[in-house]
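Geometric and topological summary
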Amino acid sequence: MTKDQVDKILKSIDYYTSFKKMMNHAYPNINYGKRLGELSFDSIFDADKQYVFNGDTSKEQFENWTKILNTKKSTEEELLVVCLKIFDWGNVLKGNVTSALDLYEQKKLKKYIHSISKLLTSEKSIKKSDISQEEILWSSGWTKVYSFMNPEILIYDSRVSAFLNYTLINCYENLSDVQKNNFHQLTSHLFNFSGAINRERKVSKTYGFKNQHPKGIKGFNANLVSSWITQLTKEELKIDESIRAFERAFFMLGFDLKQLKNNS
């Protein structure tokens, strides 16, 4: 799969027109539980404006993490500390700490970070031969590290992917058989994965998404494809918002698809 192929598929299923309509819809009365209560949004990007995430990390800290991850002079120790801080910020320490420490102890963390940096700019899916490392790390923690390395890369977690999938299936019912075939070519590279208990973040198996938790090279490629969809939508519709704004809006709106459907 290439970025150009993704663009052709999105055009063939009229996704950009569908997204433009969804962009200006209201998304009322979403109950986020005791901490946030009920929120309503006038549009997709109003959800970005009302974005709420646990923690009090400053914009300056975020920028410093990006700088360290992208500076060739950064030491193994500095890169390890930043990875651990990102895992802590994202509340995804389990498992991710071990993988980062393993690379650090082998003195391979710096090499890995720099090799991944190049792959994040790719406009085609990654193969094992594209990286010298034995495997590409992908998890709910590493997707956050990759997003800090490259501002054009989405954090591909269960909430972001849930709403992205929701925008894709919105145009499905009126597609011809040929268009549906194109649609499935795209969705076969993306994932349907569960989030919190009692929250609906999966769409029907009918649409062709992988119904499992992403990992490894398949997770990394899904992260690329999801980011391309967002980048292309921003470009095609001339949306004056950052990829981070898309991500924050998707994070808020992907909280519970059941509520979106019930309140629409």
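What counts and how
- Residues numbered from 1 in each chain as written.
- Predicted model: local features only at pLDDT ≥ 70, side-chain atom pairs only at ≥ 80, totals over all residues.
- Heavy atoms only, no water.
- Helix = DSSP H or I, 4+ residues; strand = E, 2+ residues; numbered from the N terminus.
- Buried < 20%, exposed > 50% of the residue type's maximum accessible area, 1.4 Å probe, protein only.
- Polar contact = N/O pair within 3.5 Å; in protein donor to acceptor, adjacent residues only side chain to side chain.
- Contact = heavy atoms within 4.5 Å.
- Axes fitted to C-alpha atoms, helices over the stretch in contact; angles between N-to-C directions.
- Left-handed = near helix turned anticlockwise from the far one by under 90°.
- Nonpolar A, V, L, I, M, F, W, Y, C, P; charged D, E, K, R; others polar.
- Salt bridge = Lys/Arg side-chain N within 4 Å of Asp/Glu carboxyl O.
- Core = buried A, V, L, I, M, F, W, Y, C linked by side-chain atoms within 4.5 Å.
- Expected span 1.5 Å × (residues − 1).

1. So, the side chain of threonine 167
- Positionally, threonine 167 belongs in helix H9 (residues 158-169).
- Relative accessible area serves as the criterion here: at 0%, threonine 167 is assigned to the buried category.
- A distance of 2.6 Å separates a polar atom in the side chain of threonine 167 from the backbone oxygen of leucine 164.
- Not counting residues within four places of it along the chain, the set of residues in contact with threonine 167 comprises Tyr15, Ser18, Phe19 and Met22.

2. Details of the packing of helix H5 (residues 76-89) against helix H8 (residues 142-149)
- Following both chains from N to C, one finds H5 and H8 inclined at 115 degrees, their axes separated by 9 Å at the closest point. The handedness of the crossing between H5 and H8 is right-handed. Touching Cys83, Ile86, Phe87 and Trp89 of H5 are Trp142, Lys144, Val145 and Phe148, all from H8.
- By residue class, the composition of the contact of H5 with H8 is seven nonpolar, no polar and one charged.

3. Some details on the pattern of salt bridges
- By the definition in use, this model includes nine salt bridges.
- The salt bridge partner of aspartate 48 is arginine 248, with a shortest N-O separation of 2.6 Å. Of this pair, aspartate 48 sits in helix H3 (residues 44-49) while arginine 248 sits in helix H12 (residues 243-253), placing them 200 residues apart in sequence.
- Using a relative accessible area of 8% as the deciding quantity, one classes aspartate 48 as buried.
- In this structure arginine 248 comes out as partly exposed when scored by relative accessible area, which is 27%.
- With a shortest N-O distance of 3.5 Å, aspartate 256 and lysine 258 are connected by a salt bridge.
- Note on aspartate 256: relative accessible area 3%, which makes it buried.

4. Some words on the environment of tyrosine 172
- In this fold, tyrosine 172 is placed in the loop between H9 and helix H10 (177-187).
- Sequence-wise, tyrosine 172 and aspartate 14 are 158 residues apart; in three dimensions their C-alpha atoms are separated by 9.6 Å.
- The residues touching tyrosine 172, leaving out its near neighbours within four places in the chain, are Lys180, Phe183, His184, Thr206 and Tyr207.

5. A closer look at the nonpolar core
- One finds Ile44, Ile116, Trp142, Val145, Tyr146, Phe220 and Ile229 to be the most contacted residues of the largest nonpolar core, which totals 87 residues.
- With eight residues, H12 is the single largest residue contributor to this core.
- Here tyrosine 146 is in contact with Tyr112, Ile116, Leu120, Leu137, Trp138, Ile153 and Phe220, once residues within four sequence places are set aside.

6. Description of H9
- Over its twelve residues, H9 extends 16 Å from the first C-alpha to the last, a length consistent with the 16 Å expected when each residue adds 1.5 Å.
- Taking burial as the measure, the twelve residues of H9 include twelve buried ones, the bulk of the element.
- All buried positions along H9 are accounted for by Ser158, Arg159, Val160, Ser161, Ala162, Phe163, Leu164, Asn165, Tyr166, Thr167, Leu168 and Ile169.

7. Remarks on unusual backbone geometry
- Even without being glycine, aspartate 14 reaches a positive phi, approximately 60 degrees.
- With respect to the helices, strands and loops of the structure, aspartate 14 is situated in the loop between helix H1 (3-12) and helix H2 (15-23).
- Not every positive phi belongs to a glycine, and asparagine 29 is a case in point at roughly 55 degrees.
- Tracing the backbone shows asparagine 29 in strand E1 (residues 27-31).
- Residue asparagine 29 is classed as partly exposed on the basis of its relative accessible area, which comes to 37%.

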